[in-house]
Amino acid sequence: MDSAHARKAVEQILTSKSAGVTDLKDYEETGNLKDSTRRLMVNITLAHMREKEGNIFTALRATKPFLSAV
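Since the model is a prediction, treat every value here as computed from it, not as a measurement. (Residues numbered from 1 in each chain as written. Predicted model: local features only at pLDDT ≥ 70, side-chain atom pairs only at ≥ 80, totals over all residues. Heavy atoms only, no water.)

Novice: Can you help me understand helix H3 (residues 35–53) in this one?
Specialist: Residues separated by three or four positions in an α-helix point in the same direction, a consequence of the helix having 3.6 residues per turn. Here H3 contains 19 residues, and its C-alpha end-to-end distance of 27 Å stays within 8% of the 27 Å for a straight helix at 1.5 Å per residue. Inspection of H3 places Thr37, Met41, Ile44, Thr45 and Met49 among the buried residues, and these make up the whole buried set. Projected down its long axis, H3 shows its buried positions confined to an angular sector of 135 degrees, all on one face. Structural note: H3 exposes Asp35, Arg39 and Glu51 on the side pointing more than 90 degrees away from its buried face. Where H3 terminates, the next one or two residues include Gly54, which has phi positive at roughly 90 degrees. (Helix = DSSP H or I, 4+ residues; strand = E, 2+ residues; numbered from the N terminus. Expected span 1.5 Å × (residues − 1). Buried < 20%, exposed > 50% of the residue type's maximum accessible area, 1.4 Å probe, protein only. Arc of directions from axis to C-beta.)

Quick look at the structure:
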C-alpha cells in the first residue's frame, strides 16, 4: 500500500465519523494538525481497524494506514 492509497483509506475512515469530519475540516483550513487532533485521528482509525479485524492484527497491517499521517 503506497502513501496515496493509505491517505485515501484514512480519509474514508475519518469521514465516516463526525469527529473525523471536523478534524479533516480543521486540517484543510489550517494546513496543520494539533497534537490532540492527530491523536483523535489515530484513535478513530484504530477503532475502525478493531471493528473490522478484531483486537489482534499484525504490525505490518496496523502501520499501513498511518503512512499518510506521518
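Still to come is the rest of the account.
Novice: Before we go on, may I ask you to explain the nonpolar core in this structure?
Specialist: Side chains that are nonpolar tend, in soluble globular proteins, to be buried together. Val10, Ile13, Leu14, Leu24, Met41 and Ile44 form the largest nonpolar core, which has 6 residues in total. Of all elements in the fold, only helix H1 (3–15) and H3 reach the threshold of two or more residues within this core. A per-element tally of this core places H1 first, with 3 residues. What Ile13 contacts, discounting residues up to four positions off in sequence, is Ile44, Thr45 and His48. (Core = buried A, V, L, I, M, F, W, Y, C linked by side-chain atoms within 4.5 Å. Contact = heavy atoms within 4.5 Å.)

Novice: Just to check I follow, could you spell out the confidence of the model for the chain for this structure?
Specialist: The predicted coordinates should not be examined in detail at positions where pLDDT is low. On average, the chain scores 79 in pLDDT, and the residues at 70 or more come to 76%. The spread of mean pLDDT over the elements of the chain runs between helix H4 (residues 59–63), the lowest at 61, and helix H2 (residues 18–30), the highest at 87. (pLDDT = per-residue confidence, 0-100.)

Novice: It is not clear to me how the side chain of Thr45 should be interpreted in this structure. Could you clarify?
Specialist: For Thr45, the position within the fold is in helix H3. Within the structure, the side chain of Thr45 is placed 2.9 Å from the backbone oxygen of Met41, a separation counted as a polar contact. (Polar contact = N/O pair within 3.5 Å; in protein donor to acceptor, adjacent residues only side chain to side chain.)

Novice: What exactly am I supposed to notice about H2 here?
Specialist: Under the 1.5 Å per step criterion, the end-to-end length of H2 is 19 Å for 13 residues, consistent within 8% with the ideal 18 Å. Within the span of H2, buried status applies to Gly20, Asp23 and Leu24. Buried residues in H2, looked at end-on, bunch into an arc of 100 degrees, giving them a common side. In this structure, H2 carries Ser18, Lys25, Glu29 and Thr30 as exposed residues pointing more than 90 degrees from its buried face. Those residues of H2 that are buried are in contact with H1 and H3.

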